[in-house]
Amino acid sequence: MAPVQIAPGVYDVGVTDWNIRDFHGYSTDLGTTYNAFLVVDEKIALIDSVKKEFADQLLDNIAAVVDPRKIDFVVSNHTEPDHTGSLARVMHRVGEETPLICSKMGHKNLPRHFSQKWNYRPVGSGEELKLGKRTLVFLETRMVHWPDSMFSFLKEDGILFSSDGFGQHYAGPEKFDDEVGERIMAHAKKYFANILLLYTPLIEKLIQQVLGLKLDIRMICPDHGVIWRKDPGKIIAAYQRWCRQEPEKKAVVIYDTMWKSTQKMAEAIHAGILGEGVKSMPLSLRGWHRSELMTELFDARAVVVGSPTLNNGLYPSLADFLCYMKGLKPKNKIGAAFGSYGWSGEAVKLLEAELTQMGIPLIQPGLKIQFVPEKQQVESCREFGRQIGLAVKADSPA
Ligand code: FEO
């Protein structure tokens, strides 16, 4: 990707990772981008860098705009290696003595990734850096997405460089939200559900703080995906809504199956839920990646999990998914568990224990069926589903 001028004197010099399909456990079916920005004024600032393997491309992009040795400041908004992996190459090219601006936590964390004695300039919220006609203002944004995260705001242009915040794992020919259209929101939602969900209480407060500053935000430049230029308020409002985690009248039935008995149960439970007029999705772990499941679960009220018993335990795919889900701490859910078994049948109890540990109340006792469900047992699965549908309706807006 060649550099793109996104505003007068402001360039995206980042790169596109077209072929990545697994971003530390998140399915990136369309790839992603690592955005980095160059602000050219009397002084020149580079904001963020990119993954290590894209260092040459980043340096080429910078060189297409300015000689990298003319960069006066390097800003690191976030220490995670997708934004700092190429920092050593960048600093070497720009000049090892160049001031490296980061948050106070960044100042603690960056030296634990890099042994070089760089000219660190830690900044706190509200501190400013004059570039000439323009000014960068820094805002600490802890846990969006690491303790070191911060935003940089180019005051005179109203451009917020938001690091991971408001990002999407999306790679395409487009650079801006309006070029992609409404479908970009699904990517932003998946990103929120899988990367930021755990931090919603902090994000909610942070957005309040940022809104309280009454910044004139005209463009939001995240480090992943497209830039929000058409209506930056739209993604801020979506974050406020997503932070509330208000569920829809919806259930997800997440399962795996060994000999299709648990699948048969899942399909009958799904039919029972649907029969109550509640949106339902039967989602097999054979076909659905954990991060896609998390996105569907994010706005569901009921989480119904099904597993066969294997070696006195859970099916491994369920254990994987529940571990992932537990870490993200979804709120405002109710749950239920089911599964088929051969002779010992521990899986359903184990599923219930996992849901309970996550603070998800059980709608009803779990349902387990030995070997292959018979006609009457299929009907009991439907009834199980109906009870879930009724529970979802009971606390959903009409
Ligand atoms: Fe895109 Fe938390 O790094």
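Residues numbered from 1 in each chain as written. Predicted model: local features only at pLDDT ≥ 70, side-chain atom pairs only at ≥ 80, totals over all residues. Heavy atoms only, no water.

A.B. asks: What am I meant to see in the overall build of the protein here?
C.D. replies: What the protein contains, in helices and strands, is 13 helices and 21 strands. The burial tally for the protein puts 59% of its 398 residues in the buried class. When contacts within the protein are restricted to residue pairs at least 6 apart in sequence, those whose partners lie at least 24 apart make up 71%. With 48 positive and 48 negative side-chain charges, the protein shows a separation of 3 Å between the mean positions of the two kinds. (Helix = DSSP H or I, 4+ residues; strand = E, 2+ residues; numbered from the N terminus. Buried < 20%, exposed > 50% of the residue type's maximum accessible area, 1.4 Å probe, protein only. Contact = heavy atoms within 4.5 Å. Lys, Arg positive; Asp, Glu negative; His and termini not counted. Charge placed at Lys NZ, Arg CZ, Asp CG, Glu CD.)

A.B. asks: Please explain the environment of Arg290 as it appears in this structure.
C.D. replies: Relative to the helices and strands, Arg290 is located in helix α10 (residues 290-298). The spatial distance from the C-alpha of Arg290 to the C-alpha of Gly25 is 8.1 Å, given a sequence separation of 265 residues. Side chain to side chain, Arg290 and Asp320 meet in a polar contact 2.9 Å long. (Polar contact = N/O pair within 3.5 Å; in protein donor to acceptor, adjacent residues only side chain to side chain.)

A.B. asks: Is there a simple way to explain the domain arrangement of the protein in this structure?
C.D. replies: Interface size is commonly expressed as the accessible area that is lost once the parts come together. Partitioning the protein into structural domains gives domain 1 (4-244) and domain 2 (253-390). The C-alpha-based centres of domain 1 and domain 2 are spaced at 39 Å. With 16 residues of domain 1 at the contact, the number on the domain 2 side is 15 residues. Between domain 1 and domain 2, the buried area comes to about 1300 Å², and carbon and sulfur atoms account for 55% of it. Three residues stand out in domain 1 for area buried against domain 2, namely Asn194, Leu197 and Leu198, and they jointly supply 39% of the buried area on that side. Viewed at the interface, domain 2 and domain 1 are joined by two salt bridges. Between Lys190 and Glu292 there is a salt bridge, with its nearest N and O atoms 3.0 Å apart. For the pair domain 1 and domain 2, the number of links is eight residue pairs in polar contact (both at pLDDT 80 or more). (Domains from an automatic or database assignment. Buried area = accessible area lost by both parts, 1.4 Å probe. Salt bridge = Lys/Arg side-chain N within 4 Å of Asp/Glu carboxyl O.)

A.B. asks: Sorry if this is basic, but what is going on with the pattern of salt bridges here?
C.D. replies: A pair can form between side chains of opposite charge whenever their charged atoms are brought close. For the coordinates displayed, the defined rule picks out 26 salt bridges. In this structure, Glu174 engages Arg183 in a salt bridge whose closest nitrogen and oxygen atoms are separated by 3.3 Å. Take Glu174: its relative accessible area is 17%, and that puts it in the buried class. Judged by relative accessible area, Arg183 falls into the partly exposed class, the value being 45%. Glu248 is the partner of Lys279 in a salt bridge, and the nearest nitrogen-oxygen pair spans 3.0 Å. Here Glu248 lies in the loop between α8 (232-244) and β17 (250-255) and Lys279 lies in strand β18 (residues 279-284), a separation of 31 residues in the sequence.

A.B. asks: What is the right way to read the packing of helix α1 (residues 55-63) against helix α3 (residues 87-94) from this model?
C.D. replies: Relative orientation and spacing of two packed helices are given, respectively, by the angle between their axes and the distance between those axes. Here α1 crosses α3 at 35 degrees, and the two axes come no closer than 9 Å. Relative to α3, α1 is oriented so that their crossing is right-handed. Together, Ala55, Asp56, Leu58 and Leu59 of α1 and Arg89, Val90 and Arg93 of α3 make up the contact between the two elements. Residue classes in the contact of α1 with α3 are distributed as four nonpolar, no polar and three charged. (Axes fitted to C-alpha atoms, helices over the stretch in contact; angles between N-to-C directions. Left-handed = near helix turned anticlockwise from the far one by under 90°. Nonpolar A, V, L, I, M, F, W, Y, C, P; charged D, E, K, R; others polar.)

A.B. asks: Just to check I follow, could you spell out the sheet that holds strand β13 (residues 135-140) for this structure?
C.D. replies: Sheet strands associate in pairs through backbone hydrogen bonding, adopting either a parallel or an antiparallel arrangement. Pairing is mixed across the open sheet formed by five strands, whose spatial order is β12-β13-β14-β15-β16. On the outer flanks of this sheet lie β12 (128-130) and β16 (219-222), each paired with one strand and no other. Neighbour-to-neighbour, the strand axes of this sheet turn through a mean angle of 20 degrees, independent of strand direction. Pairing of strand β14 (residues 150-154) with strand β15 (residues 159-163), which is carried by three bridges, proceeds in the antiparallel orientation. Among the inter-strand pairings, Leu154 is bridged to a residue of β15, identified as Ile159. (Pairing = 2+ DSSP bridges.)

A.B. asks: Would you mind showing me how to read the nonpolar core here?
C.D. replies: Here is a general trend for soluble globular proteins: nonpolar side chains tend to be buried in one another's company. Core analysis: the largest hydrophobic core is formed by 88 residues, its most contacted members being Ile235 and Tyr239. Among the elements that take part in this core, helix α6 (residues 184-196) stands out by supplying eight residues, more than any other. Taken domain by domain, the makeup of this core includes at least three residues from each of domain 1 (4-244) and domain 2 (253-390). If we ignore the near neighbours within four places in the chain, the residues touching Tyr239 are Gly165, Phe166, Gly167, Tyr191, Phe192, Leu196, Ile203 and Ile207. Core analysis: the second largest hydrophobic core is formed by 23 residues, Ala45, Phe73, Phe138 and Ile227 among them. (Core = buried A, V, L, I, M, F, W, Y, C linked by side-chain atoms within 4.5 Å.)

A.B. asks: It is not clear to me how a nonpolar patch on the surface should be interpreted in this structure. Could you clarify?
C.D. replies: There is a patch of nonpolar side chains on the surface, built from Trp343, Phe371 and Val372 and spanning about 420 Å² of accessible area. Structurally, Phe371 can be placed in the loop between β21 (367-370) and α13 (375-394). A relative accessible area of 49% places Phe371 in the partly exposed class. (Patch = residues over 30% accessible without salt bridge, like charges linked within 9 Å, V, L, I, M, F, W, Y side chains within 5 Å. Areas by Shrake-Rupley, 256 points an atom, 1.4 Å probe, with all protein chains shown as cover.)

A.B. asks: Just checking my understanding: could you explain the pairing of β13 for this structure?
C.D. replies: Along a regular strand, successive side chains alternate from one face of the sheet to the other. In terms of burial, β13 is largely enclosed, as five of its six residues are buried. Sheet analysis places β12 next to β13, joined by three bridges and oriented antiparallel. By the bridge assignment, Glu128 is partnered in β13 with Val137. Hairpin connection, β12 to β13: the antiparallel pair is bridged by four residues, and Gly132 has positive phi, about 140 degrees.

A.B. asks: I would appreciate a short explanation of the sheet that holds β21 in the present structure.
C.D. replies: Pairing in this open sheet of five strands is parallel, and the strands run β18-β17-β19-β20-β21 from one edge to the other. Of all the strands in the sheet, just β18 and β21 have a single pairing partner and so form its edges. Recorded for the sheet is a direction-independent mean angle of 15 degrees between the axes of neighbouring strands. As paired elements, β17 and β18 share six bridges and run parallel to each other. Residue pairing in the sheet places Ala251 in a bridge with Ser280 of β18. Each of β17, β18 and β19 (302-306) is contacted by α10, which is oriented at about 155 degrees to β17, the strand it contacts most.

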